[in-house]
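The chain contents come next:
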Amino acid sequence: MPNSWDQIIHGLLNDRKQKPRSTGITMIIDTGMGIGLTKDILEYANGLIDHWKLSFGTSVFVPEKYLRSKLDLLADHNILTYPGGTLLEVALVEHHCRVFTQHARKLGFTAVEISDGTIPLPQFRRTRIIQCALDAGLTPITEVGKKDPGNQISAKEMADQALSDLEDGARWVVVEGRESGKNVGIFDADGKVNHDSVNSIQQTMSNNVENLIWEAPLKEQQAFLIKRFGSNVSLGNINALNVLAVEALRAGLRYETLGEVTSRLLSKGSWDPNEIELPRN
């Protein structure tokens, strides 16, 4: 008989990849969390967190000594760190790509998010910035999609751009969802998933869809993507305080995903609801 939580849920979790992993990424969005709270979260959830994004340009307002300490803490827990893509867009307007990436590396960031959510950025420039990040010793992570609800690009265009970025050396590609998860990317004004958009992206990218990190800040969005792509889908813009709840969704430990898990177990014949629990010896 099982005598621990791990043993009790082993059958539900046995396909979940463990760190370090290239799929099943959970990316935290940090809008100003202090070191104390960060330490607390890492103490119980380090194994569940892969990427940590200091969103927008928030890292600019953090004292450098404090920022370095926080980035060192996250690096010690094998978590990839990067500033939000908007900050790089500002640097690009000022023509400071190499200065930006080199300074980010010196501060202790281990990756960079390359986006054109606000500014126009031709593909040849994206290619050069990816190389710029690699030259600085940073992991390049690009983002596809626009932040302006009135200036969206099609799902096919996002997928084509993602494929180009991956070919040029991007390690992952983030699908824009913003911190709100509404009226952008694959989400409508109410935050509901556009199934046709997801279908288009998956069809265009085929197996490369595993290299996507879907920004999905809302529970219903996370549940949809987990049910669609499995427990090892990569999710971004996750509130650090909700990381356990997201992992529970992945494991089928919540209503929204438990049905999918039990259906799979029933179809495999690995669970019988009529089977009686064995007595203890």
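Anyway, here's the lowdown on the structure attached to this text. (Residues numbered from 1 in each chain as written. Predicted model: local features only at pLDDT ≥ 70, side-chain atom pairs only at ≥ 80, totals over all residues. Heavy atoms only, no water.)

Re the sheet that holds strand β7 (residues 212-215)
Strand pairing in a sheet relies on backbone hydrogen bonds. The paired strands run either parallel or antiparallel.
Now for step 1: Spatially, β3-β2-β1-β8-β7-β6-β5-β4 is the arrangement adopted by the 8 strands of the open sheet, whose pairing is parallel. A strand with exactly one partner marks an edge of an open sheet, and here the two such strands are β3 (80-83) and β4 (111-114). The mean angle between the axes of side-by-side strands here comes to 25°, regardless of whether they run parallel or antiparallel.
Now for step 2: Summarising the sheet, strand β5 (residues 139-144) and strand β6 (residues 172-175) pair through 4 bridges and their orientation is parallel. Across the sheet, residue T142 finds its bridge partner in β6, namely V173.
Now for step 3: Against the sheet, helix α10 (residues 219-229) engages β7 and β8 (234-239), with an angle of about 165° to β8. (Pairing = 2+ DSSP bridges. Helix = DSSP H or I, 4+ residues; strand = E, 2+ residues; numbered from the N terminus. Axes fitted to C-alpha atoms, helices over the stretch in contact; angles between N-to-C directions. Contact = heavy atoms within 4.5 Å.)

Concerning the pattern of salt bridges
Now for step 1: Evaluation of the coordinates by the stated rule reveals 16 salt bridges.
Now for step 2: In this structure, D116 and K146 form a salt bridge, with 3.9 Å as the shortest nitrogen-oxygen distance. One end of the pair, D116, is in the loop between β4 and α7 (123-135); the other, K146, is in the loop between β5 and α8 (155-168), and 30 residues separate them in sequence. Residue D116 shares its accessibility class with K146, and that shared class is buried.
Now for step 3: Residues K147 and E176 are paired through a salt bridge, measuring 3.0 Å at the closest nitrogen-oxygen approach. Here the residue K147 occupies a position in the loop between β5 and α8, and E176 occupies one in the loop between β6 and α9 (195-205), the gap between them amounting to 29 residues. E176 carries the same exposure label as K147, and that label is buried. (Salt bridge = Lys/Arg side-chain N within 4 Å of Asp/Glu carboxyl O. Buried < 20%, exposed > 50% of the residue type's maximum accessible area, 1.4 Å probe, protein only.)

So, the side chain of S55
Now for step 1: In this structure, S55 sits in the loop between β2 (51-54) and α4 (64-76).
Now for step 2: The contact partners of S55, leaving out residues within four places of it in the chain, are I29, D30, T31 and G84.

Here's the deal with the pairing of β2
Now for step 1: Side-chain alternation along β2 places H51 and K53 on one buried face and W52 and L54 on a second face that is also buried.
Now for step 2: By the bridge criterion, 4 bridges tie strand β1 (residues 26-30) to β2 in an arrangement that is parallel. The residue of β2 that forms the bridge with I28 is W52.
Now for step 3: Read from β1 through helix α3 (residues 35-45) to β2, the crossover connection turns out right-handed.
Now for step 4: Pairing between β2 and β3: 4 bridges, direction parallel. From the neighbouring strand, L54 faces β3, where its bridge partner is P83.
Now for step 5: Following the backbone out of β2, through α4 and into the adjacent parallel β3, one traces a crossover that is right-handed. (Right-handed = clockwise from strand over helix to strand, strands pointing away.)

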